Amino acid sequence: MLDKTFNPKNIEEKHYQAWEKAGDFACSPESSKEPYTIMMPPPNVTGSLHMGHALNTTLQDLLTRYHRMKGYDALWQAGTDHAGIATQMVVERMLDKEGISRHELGREKFLEKVWEWKEESGGTIVRQMRALGATPDWERERFTMDAGMSKAVLKAFVSLYKDGLIYKDTRLVNWDTKLLTSISDLEVDARDQKGKMWHIRYPIEGKTERFITVATTRPETMLGDSAVAVNPDDERYKDLIGKSVALPLTDRLIPIIADEHADPEAGSGAVKITPAHDFNDYEVGKRHDLPMMNIMDIHGNLNDNVPEEYRGMERFKARKAILAELEALDLLVKIEDIQHTVPYGDRSGTIIEPYLTEQWYVDAKTLAKPAIEAVETGKTVFVPKQWENTYYAWMRDIQPWCISRQLWWGHQIPAWYDKDGNIYVAESEEQAQEQAGQGVSIKRDPDVLDTWFSSALWPFSTLGWPDKTPELEKYYQTDVLLTGFDIIFFWVARMMMMGIHFMDEVPFKTVYMHALVRDSKGQKMSKSKGNVLDPLDLTDKYGADALRFTMIAMAAQGRDIKMSEQRLEGYRNFATKLWNAARYCEMNDALCHDGFDPAAVTYAPNLWVIHELVTAKKDIEKAIDSYRFNEAANAAYGFVWGTFCDWYLEFSKPVLQDGGAQAKEVRQTTSWALEQILVLLNPFMPFITEEIYASIAKRGEGDRLINSSWLKYGDELLNEGAAKEMEWLKAVISEIRSVRADMHVPAAAKIQLLIKGANAQTVERIKSYDDVLCRMARLESIGHVDAAPKGSIQTVVGEATIILPIADIIDLTAEKSRLSKAMAKLDIDIKKIDAKLGNDKFVQNAPIEVIEEQKSRKGEALSKRDKLEQALKQLEEA
RNA sequence: GGGCGGUUAGCUCAGUGGUAGAGCACUUGCUCGACACGCAAGGGGUCACAAGUUCAAUCCUUGUACCGCCCA
């Protein structure tokens, strides 16, 4: 028996544990079933589930469950990411509280602590995914630092190195002065903010009267200037090109050079060139072979390359000191307030310093080429398509990918050095030693790899690569990747590059980019704004099914999701509705359909509900197959509530409760349809459907909805005739209800219905649905007449006039105005159609179907108008 | 500065070259033996603006305005 009310809390955990225990999520590599594979974007092991994860997880689970039911061997590959910087920061902070620094601890001990932390706390997010009902194959869960991954990373690194696609280079990197590591371009957050532009006079060598004024936002870097650049076409400075300036505060002379980089329109037209601390200047420096003078240490303090009084000074303190000195020397001519962008580290929040160091790089340009082609030729398709442009834009202008990080937590780079600086790249120290030769002392590179390097291998490393496993053979390439667009460059593009390079095949056929989940006002959710909705709180409050359904219903392509609790409430109500529909079936003994054949049904309402069910099923399939998740949800919702509950169950009431001739077929159809609904809804709302499924019948061992087959029938069960008949019945009932409400007929009052001008079919239908009509339209009796009694209300459905003889209740004025209004509406329609049909060009050019449709619409409108006019006339005579 | 997206009912959003839709909110009426997390009936829209293509534009094209995002 189903409880009076549905309480999600009581059932969710129970079912989840049963599924997991029974191995319902497992893929079966040895089966002959066609594979369906999704790679879960591995969340950071430090993370906890936020709304974005909830959306991502729900959509993947919908697809996985759906395909599993359709008979695919579904593999949803789960795992977590070691998240180098984030995790190291978490553990460091923890140690800080104990008053221990990682340096005191040493690398080895620190890493032990990180692993300890991972074992204890790293499982949060995967537990939270379970609460949502996610069904990845947990048995195959991976971690980007586990042994298999490490093997894959070593192999990939060595192989790319041998192919010349990984190399070491000294160039400017984004340096994080707080985390003391390089970071990639993508980890830099360019923030627009207020700042100042200082205009500084540099004296020309040998001409005490003459200066050249340069403008800069970073005066402290002047100590590292190698030149002053002017535009070659700038008349003002033509004579100075080739001369030198005496760099203030130093004893250095630097040349004035001509370079396009100097914009004559901007500032004074002359710019200082600091190749070791600015990306543009670095390029200029390379073009002109200028010295690159690094003036800072790893902490961002000025180093020994600057005059003594500034040495050891923090970069922004140095700025103040330098400006004060320039002011004193009367070299500071102007200070402007400006708006400019400043680079911040996305993890540390500190201002990033362009810094000249030696790092490891991936030759992304070479790897990107086939990855671009794969999308151009449609081997991989983005949904929505517009993201392909974003992908192209970045990939076509891709920069070398800096993959070394000066961290401890991560895959240590498999490169060893001897004391002469020779590099030996190998998968193990033994092999490196072999390369170096016995007796040569070698030392491993202390740096680790960018987290995204291991993530880039995810689609094949999780399947056993570099070994040739049956899983790799069967599940690569994967079917679809679902992810947020925020990691399209970080992750998607890099998986494309690595997948094609190592597997000779794109990693996924489709990339579905889902939207960002925002708050109800459209603001990005963030801890500092305090507008974060926790998916687990929502699950507690409304049930996991409601949250899932909301996510799916809101996942329209191409727009961000504004999450509101009102919407959740609505879908919670939907779950309750389903629950109550099942209770109705239970109470009416409509739970058994053994031996039922939907193709053998004869009673029109049954034929119709089957027709509608098939239509909904097809709509849902089409929507899911084209990643229009919101449409799938709407189709399911509309059918279950709007058709099955609102109409079919109501139709069934008189039959079931009065035990008519159709009772058996209706009972079976109801029961059957309910079970089909449970299947259809299972990928959306797995918990409540499983619970109802288990409650309404005695199920055998292992008979769980999660393992059921998707609906297999289709068009052969469509029945247009029955559909038309039921549409007519609904129209009659709605029309009577509407008129009753308009005329303020008391809801409880049972009234008489008279029909005029009905054709044989209608007469027959009226007869066969007599009890349904009486119940649903609250009628006392139904009869046929040739003329309406005086003072009755009339309306029209099809060819027949519907008459409600309620002269005693009727408000004449109100009824007259109702009829006039209805006629006026028809008049407008008729006028519009006439205008079209009267237009020769329309008649000549429009397709015949369109013209015919207009004509038939006009006919209907005219006939209806005619009947209403008669009704009005009769009313006026009364 | 470059690119992309958005502008449709009070709100949040679907959608289509030929009758403009949903959910929520709103109004009115309902203890019709599943359900008030409900039932029934309603009201509410120059589909941002302008021009063009078309027999026909909310939908296609171009431009404008405003909003948002990404990149520099």
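Quick caveat: nothing in here was measured; it's all calculated off a predicted structure.

Asks: Would you take a moment to explain the packing of helix α11 (residues 387-396) against helix α16 (residues 488-503) for this structure?
Replies: Helix packing geometry: the angle between the two helix axes and the distance between the axes. It is at 11 Å that the axes of α11 and α16 come closest, and there the two elements cross at 85°. What the angle tells us is that α11 and α16 run roughly perpendicular. Listed contacts from α16 to Trp-387, Thr-390, Tyr-391, Trp-394 and Met-395 of α11 are Ile-488, Phe-489 and Ala-493. In terms of residue class, the contact of α11 with α16 is built from seven nonpolar, one polar and no charged.

Asks: Even after reading the chapter, I still don't get the sheet that holds strand β29 (residues 800-804), so can you show me in this structure?
Replies: Paired through backbone hydrogen bonds, the strands of a sheet run either parallel or antiparallel to each other. Spatial ordering of the open sheet is given by β27-β26-β29-β28, a layout of four strands whose pairing is mixed. This sheet does not close on itself; its edge strands, each paired only once, are β27 (779-785) and β28 (793-797). Averaged over all adjacent pairs, the angle separating strand axes in this sheet is 25°, with direction ignored. Of the pairings in the sheet, the one linking strand β26 (residues 751-756) to β27 comprises six bridges and is parallel in character. Among the inter-strand pairings, Leu-753 is bridged to a residue of β27, identified as Ile-782.

Asks: Help me understand the pairing of strand β7 (residues 188-203) in this model?
Replies: A regular strand places its side chains so that they alternate between the two faces of the sheet. Sheet topology places β7 next to strand β13 (residues 332-345); 13 bridges connect them, and they run antiparallel. Bridged to Asp-189 within β13 is Tyr-344. Where β7 lies against strand β8 (residues 211-216), six bridges are found, and the strand directions are antiparallel. Bridge pairing in β8 links Trp-198 to Thr-216.

Asks: Looking at this structure, how should I read helix α1 (residues 8-22)?
Replies: The α-helix advances 3.6 residues per turn, and as a result positions three or four apart in sequence lie on the same side. The end-to-end C-alpha distance of α1 is 21 Å, a good match for the 21 Å that 15 residues give at a rise of 1.5 Å each. When α1 is considered as a whole, its buried residues turn out to be Pro-8, Ile-11, Glu-12, His-15, Tyr-16 and Trp-19. Seen from one end, α1 has its buried residues packed into an arc of 125°, which puts them on one side. For α1, exposure combined with an orientation more than 90 degrees from the buried face picks out Lys-9, Asn-10, Gln-17 and Lys-21. For α1, the elements touching its buried residues are α6 (124-131), α18 (544-554) and α23 (686-696).

Asks: When you look at the environment of Tyr-648 in this model, what are you seeing that I'm missing?
Replies: Here Tyr-648 lies in helix α21 (residues 629-658). The exposure class of Tyr-648 is buried, given the 23 C-beta atoms found within 10 Å. For Tyr-648 and Val-666, which are 18 residues apart along the polypeptide, the C-alpha to C-alpha distance reads 9.8 Å. Contact partners of Tyr-648, with chain neighbours within four places excluded, come to Pro-605, Val-609 and Thr-643.

Asks: Help me understand the domain arrangement of chain A in this model?
Replies: In many reports, interface size means the accessible area that the parts give up when they come together. The domain architecture assigned to chain A consists of domain 1 (25-165 + 365-397 + 449-510), domain 2 (181-353), domain 3 (560-718) and domain 4 (811-878). Between domain 1 and domain 3, the C-alpha centre-to-centre distance is 37 Å. Residue-level contacts link 11 residues of domain 1 with 13 residues of domain 3. At seven residues, the largest contribution of residues to the side of domain 1 that touches domain 3 is made by helix α2 (residues 51-69).

Asks: I'm lost on the sheet that holds strand β12 (residues 270-273) in this one. Help?
Replies: Strand order in the open sheet formed by four strands is β10-β11-β9-β12, with mixed pairing between adjacent strands. Both edges of this open sheet fall to β10 (244-246) and β12, since each of them pairs with a single strand only. This sheet shows a mean twist of 30° between the axes of neighbouring strands, independent of strand direction. Relative to strand β11 (residues 253-258), β10 is paired through three bridges, and the arrangement is antiparallel. Paired with Val-245 across the strands is Ile-254, a residue of β11. Seen against the sheet, helix α8 (residues 279-288) touches β9 (227-230), β11 and β12 and runs at an angle of roughly 85° to β12.

Procedures and definitions
Residues numbered from 1 in each chain as written. Chains lettered and ligands numbered in written order. Predicted model: local features only at pLDDT ≥ 70, side-chain atom pairs only at ≥ 80, totals over all residues. Axes fitted to C-alpha atoms, helices over the stretch in contact; angles between N-to-C directions. Helix = DSSP H or I, 4+ residues; strand = E, 2+ residues; numbered from the N terminus. Parallel < 35°, antiparallel > 145°, perpendicular 65-115°, else oblique. Contact = placed C-beta atoms within 7 Å. Nonpolar A, V, L, I, M, F, W, Y, C, P; charged D, E, K, R; others polar. Pairing = 2+ DSSP bridges. Expected span 1.5 Å × (residues − 1). Buried ≥ 20, exposed ≤ 12 C-beta atoms within 10 Å, placed from the backbone. Arc of directions from axis to C-beta. Domains from an automatic or database assignment.

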